[in-house]
Amino acid sequence: AQTVTQSQPEMSVQEAETVTLSCTYDTSENNYYLFWYKQPPSRQMILVIRQEAYKQQNATENRFSVNFQKAAKSFSLKISDSQLGDTAMYFCAFMKPRTSNAGNNRKLIWGLGTSLAVNP
Amino acid sequence: DAGVTQSPTHLIKTRGQQVTLRCSPKSGHDTVSWYQQALGQGPQFIFQYYEEEERQRGNFPDRFSGHQFPNYSSELNVNALLLGDSALYLCASSFIIPRLSSYNEQFFGPGTRLTVL
């Protein structure tokens, strides 16, 4: 069974600085997807960034980038130029690819989350 | 374009009661997944509906059941509520794509906060 581990329950960073959130996972699959989601106090889960395991290039989305180490099963999120609006819970999640037409996307498997506070 | 909507926002029930939560998917989406997020935890997958059938199910008892309607909206029903059912219930929608190896983003609703007393 797949598992996702986030070892940092809480982190804080000063506005405009850079912070890195850690995530490790365990799977025997060779192809899969990894995600970082943000959940602000409004509770709405928002996709931050996605990585396909077969792609060696690390994904980037504006100020957000990942360091994907497939052999080490590590998937960290770097937030550059942190903004007050980045304050939220951040969840790392794993998904196996769909293998049949009997359903749509496979289920997401989630870590426990990291609470990030951006301080002015 | 409205995103995923869920109702009600908050709900308080007592042990043993039954509850129904509702989800309307994003326009153009045909698949709905439900997750339970206990306080301080990551979400846990409950089940997924596509073409009005349950397609995948997580490790949840039969007290948790669901339904999908022809307009793709969905309901989550929980019978014989326990204190441990208190959680945020998230609905996520996506649309089917033909290529098996592909992925399509799941969009989440704001959730329903269920409190069982």
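For the structure, check the block above.
Residues numbered from 1 in each chain as written. Chains lettered and ligands numbered in written order. Predicted model: local features only at pLDDT ≥ 70, side-chain atom pairs only at ≥ 80, totals over all residues. Heavy atoms only, no water.

*Asks:* Can you break down the overall build of chain B residue by residue, with the values?
*Replies:* Helix and strand counts for chain B stand at 0 helices and 11 strands. Ordered by position from the N terminus, the helices and strands of chain B form the series β-β-β-β-β-β-β-β-β-β-β. For chain B, whose C-alpha radius of gyration is 14 Å, the value lies close to the compact-globule estimate of 13 Å for 117 residues. Dimensions of chain B along its principal axes, counting C-alpha atoms only, are 45 × 30 × 30 Å. The burial tally for chain B puts 51% of its 117 residues in the buried class. Long-range pairs, those at least 24 residues apart, make up 54% of the contacts in chain B between residues at least 6 apart in sequence. For chain B, the accessible area works out to roughly 5,400 Å², and carbon and sulfur atoms hold 51% of it. Distance from the positive charge centre (9 side chains) to the negative charge centre (10 side chains) of chain B: 9 Å. (Helix = DSSP H or I, 4+ residues; strand = E, 2+ residues; numbered from the N terminus. Rg over C-alpha atoms; globule rule 2.2 N^0.38 Å. Buried < 20%, exposed > 50% of the residue type's maximum accessible area, 1.4 Å probe, protein only. Contact = heavy atoms within 4.5 Å. Areas by Shrake-Rupley, 256 points an atom, 1.4 Å probe, with all protein chains shown as cover. Lys, Arg positive; Asp, Glu negative; His and termini not counted. Charge placed at Lys NZ, Arg CZ, Asp CG, Glu CD.)

*Asks:* Explain the pattern of salt bridges residue by residue, including any values.
*Replies:* Residue and element names in this part refer to chain A. Here the structure, examined in full by the defined rule, presents 10 salt bridges over all chains. Between D86 and R63 there is a salt bridge; the shortest N-O distance is 2.8 Å. In this pair, D86 is assigned in the loop between β9 (74-79) and β10 (88-95) and R63 in the loop between β7 (60-61) and β8 (64-69), connecting sequence segments 23 residues apart. Comparing D86 with R63, the two get one shared label, buried. Through salt bridges with shared partners, a single ionic network connects R50, E52 and K55. (Salt bridge = Lys/Arg side-chain N within 4 Å of Asp/Glu carboxyl O.)

*Asks:* Could you give an account of the nonpolar core, with specific residues and numbers?
*Replies:* One broad rule of soluble globular proteins: the nonpolar side chains tend to lie buried together. Counting residues in hydrophobic clusters, the biggest one holds 26 residues, and the most contacted among them are Y25, W36, F75, L77 and Y90 of chain A. Broken down by element, the residue count for this core peaks at 4 residues, all from β10 of chain A. One finds C23, Y49, F64 and L114 of chain B within the second-largest nonpolar core, a separate group that totals 20 residues. (Core = buried A, V, L, I, M, F, W, Y, C linked by side-chain atoms within 4.5 Å.)

*Asks:* Quick rundown of the sheet that holds strand β3 (residues 19-24) of chain B? Include the residues and the values.
*Replies:* Residue and element names in this part refer to chain B. Sheet architecture is open: 4 strands sit in the order β1-β3-β8-β7, paired in antiparallel fashion. The two strands at the open ends of the sheet, each matched to only one other strand, are β1 (5-7) and β7 (64-68). Neighbour to neighbour, the strand axes of the sheet diverge by 20 degrees on average, direction disregarded. Relative to β3, β1 runs antiparallel, the two sharing 3 bridges. (Pairing = 2+ DSSP bridges. Axes fitted to C-alpha atoms, helices over the stretch in contact; angles between N-to-C directions.)

*Asks:* Tell me about the packing of aromatic side chains, and please be specific about residues and values.
*Replies:* To describe a pair of aromatic rings, one takes the distance between the centres and the angle between the planes. Evaluation of the coordinates by the stated rule reveals 16 aromatic pairs over all chains. When the centroid spacing of 5.4 Å and the interplanar angle of 65 degrees are considered together, the rings of Y25 of chain A and Y32 of chain A count as edge-to-face. Side by side, Y25 of chain A and Y32 of chain A carry an identical accessibility label, which is buried. Geometrically, the ring pair formed by Y35 of chain B and F108 of chain B is tilted, given 5.8 Å between the ring centres and 45 degrees between the ring planes. Separated by 73 residues along the polypeptide, Y35 of chain B in strand β4 (residues 31-37) and F108 of chain B in strand β10 (residues 107-108) bring together distant segments of the chain. The burial state of Y35 of chain B is the same as that of F108 of chain B; both residues are buried. Taken together, Y33, F35, Y37, F91 and W110 of chain A together with Y35, F45 and F108 of chain B form an aromatic cluster joined through their ring pairs. (Phe/Tyr/Trp six-rings, centres within 6.5 Å; stacked < 30°, edge-to-face > 60°.)

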